[in-house]
Each structure stands twice: as C-alpha cells, then as structure tokens.
Amino acid sequence: MLLAVLSCPVLCCPQALGEAAAGDPKGWLKELESPEFAVRERAAAGLAEWAKERPEESRELFLGHFLSHEDPEVRMRCRGLLRDLVLASEYRGGGSGFVGIMMAELPILGGGFGVRISMVQPETPAAKVGLRVGDVIESLDGRRWKAPGAMDRFRAEVMSRQPGEKVVLSIRRPGGKQAFDVELELGERPPEPEIIWPQLRIDPEIQRRQREQMKRQQEEAFFERWLEQQIERHQK
C-alpha cells in the first residue's frame, strides 16, 4: 500500500510524465497514432513543450515525420508543430509584400507557365519600375513555374516576403525577343477591398478583421515558402 501511494504522483501527474518524456520524444510521436483524441492532444502538447527546449532537433524530427510518415493524422500534426516552431523562431511579421498588379495565368514559350499583367495600379511598386499591361512575369528570383498554378504561387511568394524586400522578376514584353530582369522593391499589401477600390471607406472593425486575416495568410505563405525550401533540400 505504501509503495502504491508513493508511486502515484509519478504515474498520474502530467507534469511528471512530461518531464520524463522531455529527453525522448519517441513516446509522444507514437501516441500521435492513438485512436483516442485525448491521447493525441496530450502527445502534441508534450511535443510542443519539448520543441521549445530543442528547436533544431525538433525541427528536423517533425519535418522527417511530415515527409515520410504513413499516417495522415501524424503528418498533419507534425506540420502544425513545425509551423508553430518556424513562425516563432524565424517569422518577423511587419506586413505582407505587394506588387500592385492584376494578373492572369498563361503557358509560356519553352514550357511552363507565367503570369500576364492585366492591370498596373498607379503609384505601386509595379508602376514605379515601369511594368506594363501585357508584360508576362516568367520567374521570381529565378523560380519558374513548371505546372499550372503559377498565379497562385506568385501571389503566395510575394505575400510571404516583407515590405521593402527586393525581388527580381524576369519579364517578357509583347513583341520582345528576350526576357529581361527587373528589380522591384515590394510595398506593403493593403486589405483586399482597398486594392480593388482604393477610394473606398471601410468600417474600422471590418478593417481590423481583414488585417487579422491578412496576417494569417502571410504567416501561412511564409511557412509554405520555408517548407518548399526544406522539401527541395531533402530531394537533392
């Protein structure tokens, strides 16, 4: 009886369990496969606490499980843990990048896809560097788009950057035989209605919600960009 009473705090206390698992996350990772939701939640919480103490080690561990584990639930939770870790350690905020164009996607010569400019807004970074309607963006910082989805990838890449950051766009102008490079300094992206109707007055509460949504979109874009880079690194 005395042995049971003395052992109880070690067996039942969540803090003690967390401390015991702090040096070895394998138990928590295994519990992510549990059919019980409460067990998976506890395991994710334990891994999150462990990651705070070992950010570099946990980053590689979560990335490896995200890329290779067979269980979609484990991959999803490892992605979430990895996202929180990357945003906490590398993301600096400060707004979302903005070019100032409306665009459409189209196939380009030589294969792949590009982004055709359908409108250039006045007094935006695009206007300042002389981009024109009809220009086709074939790459951003040397990154080309081999598959459909170039417009969405371009937008996400720009949004993942900070205002003031410089990017190089490869531009092919109608009638031009060769593409040329343009260096552009990104502006700060305004809320979506202000992009479409610059003179529109928007309720402050709506503005606040829009900016919160933009912040979440920028964080996700930043993480997606980081994740793509890591996947490319692992594929080499």
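Okay, so let's go over this structure. (Residues numbered from 1 in each chain as written. Predicted model: local features only at pLDDT ≥ 70, side-chain atom pairs only at ≥ 80, totals over all residues. Heavy atoms only, no water.)

## A short note on helix 4 (residues 37-53)
The terminal C-alpha atoms of helix 4, which comprises 17 residues, lie 25 Å apart, in line with the 24 Å expected from a rise of 1.5 Å per residue. Looking only at helix 4, the buried set comprises Val39, Arg40, Ala43, Ala44, Gly46, Leu47, Trp50 and Ala51. All buried residues of helix 4 fall inside an arc of 165 degrees around its axis, so they share one side. Those residues of helix 4 that are exposed and angled more than 90 degrees off the buried face are Phe37, Ala38 and Lys52. Against helix 3 (26-31), helix 5 (55-68) and helix 6 (72-90) lie the buried residues of helix 4. (Helix = DSSP H or I, 4+ residues; strand = E, 2+ residues; numbered from the N terminus. Expected span 1.5 Å × (residues − 1). Buried < 20%, exposed > 50% of the residue type's maximum accessible area, 1.4 Å probe, protein only. Arc of directions from axis to C-beta. Contact = heavy atoms within 4.5 Å.)

## A closer look at the pairing of strand 3 (residues 113-120)
As defined by bridge partners, strand 2 (residues 101-107) adjoins strand 3 across seven bridges and the pair is classed as antiparallel. Of the residues in strand 3, the one forming a bridge with alanine 104 is arginine 116. Here two bridges tie strand 3 to strand 4 (residues 136-140), and the two strands are oriented antiparallel to one another. Bridging across to strand 4, valine 115 finds its partner in isoleucine 137. (Pairing = 2+ DSSP bridges.)

## So, the pattern of salt bridges
Enumeration over the complete set of coordinates arrives at 23 salt bridges. Where lysine 52 meets glutamate 49, a salt bridge forms, and the shortest distance between an N and an O atom there is 3.2 Å. Placement of the pair is lysine 52 and glutamate 49 together in helix 4, with a separation of three residues, close to one helical turn. Accessibility expressed as a relative area gives 48% for glutamate 49, which makes it partly exposed. (Salt bridge = Lys/Arg side-chain N within 4 Å of Asp/Glu carboxyl O.)

## Quick word on the nonpolar core
The biggest cluster of nonpolar side chains holds 23 residues, and the ones touching the most others in it are Leu32, Leu47, Phe62, Cys78, Leu82 and Leu227. Taken together, the elements giving at least two residues each to this core come down to helix 3, helix 4, helix 5, helix 6 and helix 10 (204-235). Apart from residues no more than four positions distant in its own chain, leucine 32 is found in contact with Arg40, Ala43, Ala44, Leu47, Glu73, Val74, Arg77 and Cys78. Counting 20 residues, the second-largest nonpolar core is a separate cluster that includes Ile117, Ile137, Leu140 and Trp145. (Core = buried A, V, L, I, M, F, W, Y, C linked by side-chain atoms within 4.5 Å.)

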